[in-house]
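Working through the structure, step by step
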Amino acid sequence: MSAQAPGSLPPGSGDRPRRSLLVLLPVVVFAVLAVTFFVRLRSGADPQALPSALIGKPAPAFALGPVPGLEADGKPVPGLSSADLKGQVTVLNVFASWCAPCQVEHPMLMRLAQEPGIRLVGIDYKDPGDAGRRWLERHGLPFAAVGADPSGRAGIDLGVYGVPETFIIGPDGVIRDKLVGILTPENYASVLGRIRAAGRTTPVTN
């Protein structure tokens, strides 16, 4: 058995600091995120109000075909394009049948669709086959038009982080506001006020 050279470290001891750092890294990351979240809460910021680079800018161009087989009053529900977002205040909801929060939100969208002066449209995001149609037939159709986005391309262009997301678009086709997360009974009045404001104000563009 060979003697250990003077001043040398035992085998494997050089890896110990590295392993210790790897063990501590998730703890440090969690601590940073927790502090950031706490500061946002203390400052009164809404943790769902993620910024969007598109606010104050025209909605990106897109043209989506209808959800196959989706009907209302015996007539096919039309698809959706960016050109359809002009002329009046439009609320654009991005949803999916596989999205559990979308199911929680849906009754509030049905309620919102009854509000006078508001046009509610949807994008069916990354739904396979006829899943979107079956989901809307089961839960109700609040939308005047629904564009099928099976590839998610339109959602990506809109900067969607994750469904559901709701965009408030002015009569000029400019995105005025964005709700990340679900519409709830608790925030309904606030969101409705933001929608009404979109028809009265001129956005500040970047």
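Note that the structure is predicted; figures quoted are calculated from it, not measured.

Observations concerning empty space enclosed by the protein
Counted under the stated rule, the structure contains one cavity of 30 Å³ or more. When its volume is computed, the largest cavity comes out at roughly 30 Å³. Forming the boundary of the largest cavity are Val91, Glu105, Leu109, Leu112, Thr166, Leu179, Leu183, Val191 and Ile195. Every element with two or more residues in the lining of the largest cavity is listed here: helix H2 (100-112) and helix H5 (188-198). When residues of the lining of the largest cavity are assigned to their parent elements, the largest contribution, three residues, is made by H2. Of the residues that constitute the lining of the largest cavity, the class distribution is seven nonpolar, one polar and one charged.

Things to note about the environment of Gln88
With respect to the secondary-structure elements, Gln88 resides in the loop between strand S4 (80-81) and strand S5 (90-95). You can call Gln88 partly exposed: its relative accessible area is 35%. A sequence separation of 110 residues divides Gln88 from Ala198, and the C-alpha atoms of the two residues are 9.6 Å apart. Setting aside residues up to four positions removed in sequence, Gln88 forms contacts with Gly117, Ile118, Arg119, Ile169, Gly170 and Pro171.

Calculation criteria
Residues numbered from 1 in each chain as written. Predicted model: local features only at pLDDT ≥ 70, side-chain atom pairs only at ≥ 80, totals over all residues. Heavy atoms only, no water. 1 Å grid on protein atoms, 1.4 Å probe; cavity = no way out; pocket = protein on both sides within 12 Å on 5 of 7 lines; lining within 4 Å. Points joined across faces, edges and corners; volume = space filled by probe spheres on them. Helix = DSSP H or I, 4+ residues; strand = E, 2+ residues; numbered from the N terminus. Nonpolar A, V, L, I, M, F, W, Y, C, P; charged D, E, K, R; others polar. Buried < 20%, exposed > 50% of the residue type's maximum accessible area, 1.4 Å probe, protein only. Contact = heavy atoms within 4.5 Å.

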